[in-house]
Amino acid sequence: MTDPIIEVSHVSRRFGDVLALDDVSLRVPQGSVLGLLGHNGAGKTTLINVLSTLLPPTSGTARIAGYDVVRQSHEVCTRIGLTGQFAAVDEQLSGRDNLVLIARLLGASRREARQRADELLELFDLTEAARRPARSYSGGMRRRLDLSASLVGHPDVIFLDEPTTGLDPVSRLNLWRIVEELVADGTTVLLTTQYLDEADRLADSITVLSSGRVVAAGTADELKAQVGQRSVTATFADPADAARAVDPLRAAGFAPSHDDRRVTIPVTATRELAAVVRALDEAGVEVADLGIGEPTLDDVYLALAHHSPAAA
Ligand SMILES: Nc1ncnc2c1ncn2[C@@H]1O[C@H](COP(=O)(O)OP(=O)(O)O)[C@@H](O)[C@H]1O
Ligand SMILES: [Mg+2]
């Protein structure tokens, strides 16, 4: 890997008796999305607070673009965008005025500030609502305004802490599309989520936190592969054929389950697929449809939660 833009090395953070982060290490290459997946209380927000210089780690080090978040916090702050905290939106001001104000605070001229505001309003589909006070915005619009506020300064890295929690499905999809556009432009995103489909859709790699510890890391596919098992589902036009398929499959060493016109066969390796097809063929049954089920991230998450003692 070339130098990662986010590098976390053995970071722990204690709050009294609670070890919110326990020896967390991770690396995020520039222009990619890391999905930080975990239940409530797993330590996701604490990690974002450490990375955005709001909270010093109890031990360990973290760097953004090579700058230490404790000793070089100023350099770090000019490179990050943090939704809803540094860029606090004023409810009384219009969406456009909020963005212009932030741009001015960051040193833009009046003209540059207006230009940047209009660009972002356009990107976030807020042009029509641009002159209405932020307090009149719907949840989805407000989340988009927060996100645009964090982007005014062209950050290299943005932190999105549960960006779609509480949003309706259409607003979620809109936000996903925007995140994808940002990444296509080279922005690095660290996104926390409790939603597996969100991590699956957006993240290049996923780190699973449980009680402050990293319990798994990899691509969505790698995590799915850790679960190991996939299944083949054979569907038959004739239920009698489905019943006749069971014994030959057992004889071939599989553990099929049978339900009306459908037989499901767990497999652990791709080469077993051929053996399934052969057994069905030898049984002389007519298969209407043969499908392979991929494990979902839900399966991964459940499997991992089981193995981690603290996630009850
Ligand atoms: N400021 C704080 N003071 C005391 N405990 C905290 C504080 N912030 C977080 N915690 C605790 O640290 C743990 C991790 O919290 P958090 O990072 O907010 O998790 P998440 O964002 O994954 O829901 C929780 O047990 C939480 O109660
Ligand atoms: Mg949180």
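The name recorded for the protein chain in an unreviewed UniProt entry is ATP-binding cassette domain-containing protein, from Saccharopolyspora rosea. Of the protein chain, the UniProt comment under Subcellular location (unreviewed entry) reads exactly: "Cell membrane". Turning to the protein chain, the UniProt annotation filed under Sequence similarities (unreviewed entry) states: "Belongs to the ABC transporter superfamily. Drug exporter-1 (DrugE1) (TC 3.A.1.105) family."

(A) Looking closely at the site of ligand 1. In the vicinity of ligand 1, the contacting residues are F15, V18, A20, H39, N40, G41, A42, G43, K44, T45 and T46. Taking G43, its main chain carries an N or O atom lying 3.0 Å from an oxygen atom of ligand 1. In isolation ligand 1 has 560 Å² of accessible area, and contact with the protein removes 58% of it. When contributions to the shell around ligand 1 are tallied by element, the ones reaching two or more residues are β2 (18-28) and α1 (44-51). The element contributing the most residues to the shell around ligand 1 is α1, with three residues.

(B) Spatial organisation of the nonpolar core. Core analysis: the biggest nonpolar cluster contains 43 residues, and L99, L147, V189 and I206 have the highest contact counts within it. With six residues, helix α6 (residues 169-184) is the largest single contributor of residues to this core. Of all hydrophobic cores here, the second largest spans 25 residues; its members include L26, L36, V50 and A62.

(C) Structural view of the pattern of salt bridges. The final tally for this structure, using the stated rule, is 14 salt bridges. Across the pair R27 and E7 runs a salt bridge whose closest N-O atoms are separated by 2.7 Å. Linking R27 in strand β2 with E7 in strand β1 (residues 6-15), this pair joins segments that are 20 residues apart in sequence. The exposure class of E7 is partly exposed, given its relative accessible area of 27%. As a salt-bridge pair, K44 and E162 come within 3.7 Å of each other at their nearest N and O atoms. Highlighted residues: K44 in helix α1 and E162 in the loop between β7 (157-161) and α6, separated in sequence by 118 residues. Residue K44 shares its accessibility class with E162, and that shared class is buried.

(D) Main features of the environment of I48. Looking at the secondary structure, you find I48 in helix α1. I48 gets classed as buried once you look at its relative accessible area, which sits at 2%. Sequence separation between I48 and D161 is 113 residues, and the spatial gap between their C-alpha atoms is 7.6 Å.

(E) Just the packing of helix α3 (residues 95-105) against helix α4 (residues 110-123), in detail. For the pair α3 and α4, the least separation of the axes is 8 Å and the interaxial angle reads 130°. In terms of orientation, α3 lies oblique with respect to α4. In this structure, the crossing between α3 and α4 has a hand that is right-handed. Contacts from R96, L99, V100, A103 and R104 of α3 reach α4 at R110, A113, R114, A117, D118, L120 and L121.

(F) Focus on the sheet that holds strand β11 (residues 230-236). Here four strands make up an open sheet; going across it, the order is β12-β13-β11-β14 and the pairing antiparallel. Strand pairing shows two members of the sheet lacking a second neighbour, β12 (257-259) and β14 (287-293), which therefore form its edges. Averaged over all pairs of adjacent strands, the angle between strand axes in this sheet comes to 20°, irrespective of strand direction. By the bridge criterion, six bridges tie β11 to β14 in an arrangement that is antiparallel.

(G) Structural detail: unusual backbone geometry. If you check the backbone angles, T53 has positive phi at about 70° while not being a glycine. In this structure, T53 sits in the loop between α1 and β4 (59-64). Notably, S211 is not glycine yet its phi reads approximately 50°, a positive angle. The exposure class of S211 is partly exposed, given its relative accessible area of 31%.

Conventions and cut-offs
- Residues numbered from 1 in each chain as written.
- Chains lettered and ligands numbered in written order.
- Predicted model: local features only at pLDDT ≥ 70, side-chain atom pairs only at ≥ 80, totals over all residues.
- Heavy atoms only, no water.
- UniProt positions renumbered as here; feature names shortened; annotations may be inferred.
- Near = heavy atom within 4 Å.
- Polar contact = N/O pair within 3.5 Å; in protein donor to acceptor, adjacent residues only side chain to side chain.
- Areas by Shrake-Rupley, 256 points an atom, 1.4 Å probe, with all protein chains shown as cover.
- Helix = DSSP H or I, 4+ residues; strand = E, 2+ residues; numbered from the N terminus.
- Core = buried A, V, L, I, M, F, W, Y, C linked by side-chain atoms within 4.5 Å.
- Buried < 20%, exposed > 50% of the residue type's maximum accessible area, 1.4 Å probe, protein only.
- Salt bridge = Lys/Arg side-chain N within 4 Å of Asp/Glu carboxyl O.
- Axes fitted to C-alpha atoms, helices over the stretch in contact; angles between N-to-C directions.
- Parallel < 35°, antiparallel > 145°, perpendicular 65-115°, else oblique.
- Left-handed = near helix turned anticlockwise from the far one by under 90°.
- Contact = heavy atoms within 4.5 Å.
- Pairing = 2+ DSSP bridges.

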